[in-house]
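Examining the three-dimensional arrangement
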Amino acid sequence: MKPLLAVLAVTLLAQGSGEGCQPLNCPYPEEDEGLNVFYSHYGEDPKDLDPAISYNSNEYEFLTQILEPPLEYHYLKRPYNLQALQPLTLTEVPSHRYYDKDGNLLLDDAPEERIAQAVYECRVKPGIRYQDHPCFARKSDGSPRYVPIEAETAGKVWSPEDFPEKGSRELVAADYVNGIRRLANPMIPCPIRETLAKYLVGMDEYTEALRKEVLAERARRKEAAGPAYNQVLDERSRPLKVDLAGPSFPGAQEVDRHTFRLVLKKKYPQILYWMAMPFLAPVPQEALDFYGQPLLTDRNITLHSFPVGTGPFYLQRFDRNRRIVLARNPNYHEDFYPTEGMPGDREAGLLDDAGKRLPFLDRIVYTLEKEAIPVWNKFLQGYYDASAIPADSFERAISLSPQGSPDVAGELKEKGIVLHRQTTTSISYMGFNMRDAVIGGLDEKHCKLRQAIDIALDTEEKIQIFANGRGITAQQPIPDGIFGYEEGEAAMNPHVFDWDAKTGKPRRKSLDEAKRLLEEAGYKDGIGPDGKQLILNFDSSWTRSEDQQLLNWHVGRLKLLGIHLEPRTTDYNRFQDKMHGGNFQMFPWGWNADYPDPENFLFLFYAPNARSGMDGENAANYDNPEFDQLFRKMENMENGPERMELIRKMRPVLQHDCPWVSTYYPVGYSLIHAWLKNVKPHLIANNTKKYERVDVGLRHRLRREWNRPDWTPVWIVGLA
């Protein structure tokens, strides 16, 4: 036994000391060691990866690496504006042509009231090909290999990767038209349908025509099945389909194989921003035919989980509850790293790979992590390439220079870890369900109730306690860097703050003022007219252990007013279902800019964009005719004094009605290891992984250095 233990000790020591081996505690397979793999994590599994439906940042993290809309943002250039857009799959950024009601071509500076149509001609680059996918597989006679699919074949697969045969084809203009037409399909809960329908010619009529087709098909099935008809079971076994190519939709036209045309009812320069979002990504009809088969739907092999794209990566593995893997698309078209950027980019090494073929990464591996502490520990061990900073570790990780500038501290600095810091084009907020009988409504009493809650939920205190000061209290929904943002006394919310002339900054009103407003709202000391304590439900997806303190803080702050806050915590997908159903009173949420325009923030309050019933992004279901009228005037204007004046009129309406409270702009702190190259945070674009590169040799060496095993116990056992 003694010789055996000694041999075991020596063997283990040799196994952990070889230069070609990875550390014993490495969570990844050894065959990944020499590859350009980016390692990251996710906390909530993506609910939907269908480009017509997806509208959450945790979904865009994956979707934007796979799908390619017509345009993209230049990776290095700032500021974020129309001039930062560049062609992705198009030959050029399309320019507009304006026409009057008689079809006469107008000059670019024609008065808006004369413009009856705005036309954008979009030319697709020839030769771009889709990822290899079974939906493109063909039999010898040219017919689809897996449509219809045989039951025996379907019983052996759990993802598109399991199919023995795959194929590909060229991206064509019809794929973009098909994707845009799906946005109008009434069977698809598209969150931007109402927004685009205001501009694309014939979209409303097209949606209505499809709706009639759906109703007619349901009536035919019910008639055929008789009294025992079960709509839910019937539509699952034979999914309803509508002929997207049937009804007329002049707003999205296929001109020829590589050209499609967008026709708008009026001037709307922001359409170019939408053309850089996944909503306008191409959708091949082969994918819809393939995924529409019940034998695959029953196995959750659908477009909701497995998008089909032309991007630099494809979805290789989708294990929702464990790991998601994106792999390099071998069919990816020519795409190159930028050759120019902003001042300082070259000195920062951001142009070292100028002109090189993209992407650099072989794979992107995301591991499910429910808690922040394991993520942080694995980052420090080198097993995640980038990380946010947990609140509990902030003081250990960050130090301030004598000039007050933050930088990495201590052990992290010794490891060569780099800090990226920027005020985000995002906003975090607490919202109210404005349709709720208790907390909603636009009458003065309900507005004062919400204003009192806003005062009590001390945003400045919350930022200091739970975000280590990484946030700026917001007076308005438009963040800094977006047209319409203003500072100073004129922009201050007078219902929640007073202006402090000494400091030149807003000062939150006292708790006594909040109690006065609460009494005027009919809830003196939190007791309503019925003699009962006011109880408000607070729905969230704050399921992590560290979220409990944040929940307790909100409960404690409202308790100061005599209000009882009842937390109702669920996972993120269930939380979204509650929001869609309108089954909530208060909720926490946030918004990341899709495009750098005030419309992208103010449309969060536009009534037709209500989340409940309309599938829009107005999560508070706010509905004020005065605001809506101003929004309709402002939304499609170009930036200028007239647009700014309208925004100044909209701001006090929102401040008084108070559909949101405790709003702030997050300040992003992210850490990256020295081996991760070409990282320049982009606050609008999401398809940035194709630019990043890993110094594999440096990562391997530092991982081994930071994870050397302590063999003392093994030697002791061996000697014993």
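Residues numbered from 1 in each chain as written. Predicted model: local features only at pLDDT ≥ 70, side-chain atom pairs only at ≥ 80, totals over all residues. Heavy atoms only, no water.

Overview of helix H21 (residues 625-634)
Using the following cut-off: Think of it in three bands: residues with accessible area under 20% of the maximum for their type are buried, residues over 50% are exposed, and the middle band is partly exposed, with areas taken using a 1.4 Å probe on protein chains only. Helix numbering and strand numbering both begin at the N terminus, where a helix is a DSSP run of H or I of at least 4 residues and a strand a DSSP run of E of at least 2. The arc in question is traced by the directions running from the helix axis to the C-beta atoms. Note on definitions: a residue-residue contact is assigned when non-hydrogen atoms from the two residues lie within 4.5 Å. Nitrogen and oxygen atoms within 3.5 Å of one another constitute a polar contact, given that in protein one can donate a hydrogen and the other can accept it, and given that sequence-neighbouring residues count only through two side-chain atoms.
The set of residues buried in H21 consists of Phe627, Asp628, Leu630, Phe631 and Met634. Viewed along the axis of H21, the buried residues span an arc of 165°, placing them on a single side of the element. Of the surrounding elements, those touching the buried residues of H21 are helix H19 (599-602) and helix H22 (641-657). Among the residues of H21, the N-terminal cap falls to Asn624, whose side-chain oxygen and the backbone nitrogen of Glu626 are separated by 2.8 Å.

A closer look at the environment of Pro186
Relative to the assigned elements, Pro186 resides in the loop between helix H4 (173-183) and helix H5 (193-197). As a C-alpha pair, Pro186 and Ala209 span 23 residues in sequence and 9.6 Å in three-dimensional space. Apart from residues no more than four positions distant in its own chain, Pro186 is found in contact with Arg193, Thr207, Leu210 and Arg211.

Examining the nonpolar core
Convention followed: Definition used in this section: a nonpolar core is a set of buried Ala, Val, Leu, Ile, Met, Phe, Trp, Tyr and Cys residues joined via side-chain atoms within 4.5 Å.
One finds Phe260, Leu262, Trp274 and Ile453 to be the most contacted residues of the largest nonpolar core, which totals 168 residues. Grouped together as the second largest cluster of nonpolar side chains are 23 residues, Tyr28, Tyr39, Val667 and Leu671 included.

A few points about the packing of aromatic side chains
So the rule is basically this: Between the rings of Phe, Tyr and Trp (Trp by its six-membered ring), a pair exists once the centres lie within 6.5 Å; its type follows the angle of the planes, with under 30 degrees stacked, over 60 edge-to-face, and the other angles tilted. In this scheme, the term charge over a ring applies when either NZ of a lysine or CZ of an arginine sits within 6 Å of the ring centre and within 35 degrees of the ring normal.
All chains considered together, the criterion is met by 40 aromatic pairs. Ring geometry for Tyr28 and Tyr39: centres 3.8 Å apart, planes at 20°, overall stacked. Of the two residues, Tyr28 is situated in the loop between helix H1 (2-17) and strand E1 (37-42) and Tyr39 in strand E1; the sequence distance between them amounts to 11 residues. Ring centres of Tyr130 and Phe136 lie 5.3 Å apart, and the angle between their planes is 35°; on these two criteria the pair is classed as tilted. Overall, the relative accessible area of 5% leaves Phe136 in the buried class. By the ring-pair criterion, three or more aromatic residues cluster together here, those being Tyr429, Tyr572, Phe575, Phe584, Phe587, Trp589, Phe605, Tyr606, Tyr622, Phe627, Phe631 and Trp660. A cation over an aromatic ring shows up here: Arg299 above the ring of Trp158, its NZ or CZ 3.7 Å from the ring centre. Residue placement shows Lys689 over the ring face of Phe38; its charged tip is 4.8 Å from the ring centre.

Quick look at the confidence of the model for the protein chain
Stated formally: pLDDT measures the predictor's confidence residue by residue and takes values from 0 up to 100.
With 94% of its residues at a pLDDT of at least 70, the protein chain reaches an overall mean of 89. Across residues 4-18, where pLDDT falls below 50, the model places 15 contacts with residues more than four positions away in sequence or in other chains. The low-confidence segment residues 229-236, where pLDDT is below 50, has 11 contacts with residues more than four positions distant or belonging to other chains.

Re the pattern of salt bridges
So the rule is basically this: Salt bridge, as used here: a side-chain nitrogen of Lys or Arg that lies within 4 Å of a carboxyl oxygen of Asp or Glu.
A full pass over the atoms with the stated rule returns 49 salt bridges. Put simply, Glu217 and Arg220 hold a salt bridge, and the shortest N to O gap is 2.7 Å. Note that Glu217 and Arg220 are positioned in helix H6 (residues 203-225) at a spacing of three residues, about one turn of the helix. For Arg220, a relative accessible area of 49% puts it in the partly exposed group. Taken together, the salt bridges that share partners define one network made up of Arg138, Arg169, Asp175 and Glu286.

Here we look at the sheet that holds E1
Put simply, the rule is: When DSSP locates at least two bridges between a pair of strands, those strands are taken to pair. The axes used here are C-alpha line fits, helices contributing only the stretch in contact, and every angle between their N-to-C directions lies in the interval 0 to 180 degrees.
Spatially, the four strands line up as an open sheet ordered E1-E11-E10-E9, and their pairing is mixed. The sheet is open, and its two edges are formed by E1 and strand E9 (313-319), each paired on a single side. In this sheet, adjacent strand axes meet at a mean angle of 15° when their direction is disregarded. Taken together, the six bridges between E1 and strand E11 (residues 363-368) define a ladder with parallel strand orientation. Residue Val37 lies in a different strand from E11, and its bridge partner there is Arg363.

Re the packing of H21 against H22
Operational definition: Here the word oblique covers every angle except those under 35 degrees (roughly parallel), over 145 (roughly antiparallel) and from 65 to 115 (roughly perpendicular). In this scheme the handedness of a crossing depends on how the near helix is turned from the far one: anticlockwise by less than a right angle means left-handed, clockwise means right-handed.
The geometry of H21 relative to H22 is characterised by a closest axis approach of 10 Å and an angle of 160° between their N-to-C directions. Classified by the angle between their axes, H21 and H22 sit roughly antiparallel to one another. For the pair H21 and H22, the crossing hand works out as left-handed. Between H21 and H22, the residues in contact are Glu626, Phe627, Leu630, Phe631, Lys633 and Met634 and Arg643, Leu646, Ile647, Lys649, Met650, Val653 and Leu654, respectively.

Focus on the layout of surface pockets
The condition that has to hold: Here a cavity denotes a set of grid points, spaced 1 Å apart and computed over the protein atoms alone, in which a 1.4 Å probe fits but from which it cannot get out, and a pocket denotes an open set meeting protein on both sides within 12 Å along at least five of seven lines; residues with an atom within 4 Å of a point are reported as lining. Grid points are joined across faces, edges and corners, and a volume is the space filled by probe spheres set on the points. Residues were grouped as follows: Ala, Val, Leu, Ile, Met, Phe, Trp, Tyr, Cys and Pro as nonpolar; Asp, Glu, Lys and Arg as charged; and all remaining residues, including Gly, as polar.
Of the volumes computed, that of the second largest pocket is approximately 1,600 Å³. The wall of the second largest pocket is formed by 45 residues, among which Tyr291, Gly292, Thr297, Thr302 and His304 lie closest to the centre. Listing elements by their share of the lining of the second largest pocket, those giving two or more residues are H4, helix H7 (231-237), helix H9 (285-291) and E9. Per-element tally for the lining of the second largest pocket: the top contributor is H4, with six residues. Among the residues forming the lining of the second largest pocket, the class breakdown is 18 nonpolar, nine polar and 18 charged.

Some remarks on unusual backbone geometry
Cis rather than trans, the peptide bond between Arg78 and Pro79 has omega equal to 5°. Looking at the secondary structure, you find Pro79 in the loop between strand E2 (71-73) and strand E3 (85-87). For Asp525, which is not a glycine, the phi torsion comes out positive at approximately 55°. Locating Asp525 in the fold gives a position in the loop between helix H16 (511-520) and strand E20 (535-540). We classify Asp525 as exposed; its relative accessible area is 54%.

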